[in-house]
Amino acid sequence: GVCNVATEQRVDLIRMAKILGDAIGTSAEPEFGPQRIGDIRHSCGSAARLRDFLQYSASIRLEQGLTELADDYLRQRASATAGGGGREAIDKMN
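Residues numbered from 1 in each chain as written. Predicted model: local features only at pLDDT ≥ 70, side-chain atom pairs only at ≥ 80, totals over all residues. Heavy atoms only, no water.

Draft legend 1. Here's a closer look at the pattern of salt bridges. All chains considered together, the criterion is met by six salt bridges. Residue Glu 8 is joined to Arg 51 by a salt bridge in which the shortest nitrogen-to-oxygen separation is 3.2 Å. Here the residue Glu 8 occupies a position in the segment before α1 (13-24), and Arg 51 occupies one in helix α2 (residues 48-54), the gap between them amounting to 43 residues. Residue class for Arg 51 comes out partly exposed when judged on its relative accessible area of 34%. Of the charged contacts in the structure, one is a salt bridge between Glu 63 and Arg 15, with a shortest N-O distance of 3.1 Å. Taken as a pair, Glu 63 in helix α3 (residues 62-80) and Arg 15 in helix α1 lie far apart in primary sequence, 48 residues in all. Judged by its relative accessible area of 37%, Arg 15 is partly exposed. What you see here is one network of salt bridges that share partners, running through Arg 15, Arg 61 and Glu 63. (Salt bridge = Lys/Arg side-chain N within 4 Å of Asp/Glu carboxyl O. Helix = DSSP H or I, 4+ residues; strand = E, 2+ residues; numbered from the N terminus. Buried < 20%, exposed > 50% of the residue type's maximum accessible area, 1.4 Å probe, protein only.)

Below you can see the structure in the form of structure tokens.
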């Protein structure tokens, strides 16, 4: 079956953008448009099903997980791009 991998704690999109921006060395500001029909204002993932199937529970904080994900992404991009380090590889992509 399908399971959520979640910390079961609400995190707003602005906070998540800040965490990822800090991890990859950018300070991009989100742009907001008008609310649209069907927009979800608040959401919180439940990991109950995953916990039941695999006895899983989150063992690291979201900030650490996103930072590790970004670091891994930057390492992969750096190795795929001739020369340059992680952040330089991101600059070359843009």
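Draft legend 2. Broad picture of the packing of α1 against α3. Interhelical geometry of α1 versus α3 gives an angle of 45° and a closest axis separation of 9 Å. Classified by the angle their axes make, α1 and α3 are oblique. Note on packing geometry: the crossing formed by α1 with α3 is right-handed. Listed contacts from α3 to Arg 15, Met 16, Ile 19, Leu 20, Ala 23 and Ile 24 of α1 are Leu 62, Glu 63, Leu 66, Thr 67, Ala 70, Asp 71 and Leu 74. (Axes fitted to C-alpha atoms, helices over the stretch in contact; angles between N-to-C directions. Parallel < 35°, antiparallel > 145°, perpendicular 65-115°, else oblique. Left-handed = near helix turned anticlockwise from the far one by under 90°. Contact = heavy atoms within 4.5 Å.)

Draft legend 3. Expanded view of the layout of surface pockets. When its volume is computed, the largest pocket comes out at roughly 740 Å³. Surrounding the largest pocket, 25 residues form its lining, Val 11, Asp 12, Leu 13, Ile 40 and Arg 41 being those nearest its centre. Of the residues that constitute the lining of the largest pocket, the class distribution is eleven nonpolar, seven polar and seven charged. One number sums up the size of the second largest pocket: a volume of about 170 Å³. If you trace the second largest pocket, you find it lined by Thr 7, Gln 9, Val 11, Arg 15, Ala 58, Ile 60, Arg 61, Leu 62 and Glu 63. (1 Å grid on protein atoms, 1.4 Å probe; cavity = no way out; pocket = protein on both sides within 12 Å on 5 of 7 lines; lining within 4 Å. Points joined across faces, edges and corners; volume = space filled by probe spheres on them. Nonpolar A, V, L, I, M, F, W, Y, C, P; charged D, E, K, R; others polar.)

Draft legend 4. Structural context of unusual backbone geometry. A positive phi is found at Glu 8, a non-glycine position, where the angle reads about 65°. For Glu 8, a relative accessible area of 34% corresponds to the partly exposed category.

Draft legend 5. Representation of α1. Over its twelve residues, α1 runs 16 Å from end to end, which matches the ideal 16 Å to within 8%, given 1.5 Å per residue. Looking at α1, one finds that the buried residues are Ile 19, Gly 21 and Ala 23. Sitting at the amino-terminal end of α1 is Asp 12, which places a side-chain oxygen 3.1 Å from the backbone nitrogen of Ile 14. A positive backbone phi angle near 80° is found at Gly 25, which sits one or two residues after α1. (Expected span 1.5 Å × (residues − 1). Polar contact = N/O pair within 3.5 Å; in protein donor to acceptor, adjacent residues only side chain to side chain.)

Interpretation note: all reported values are geometric properties and have no functional meaning in isolation.
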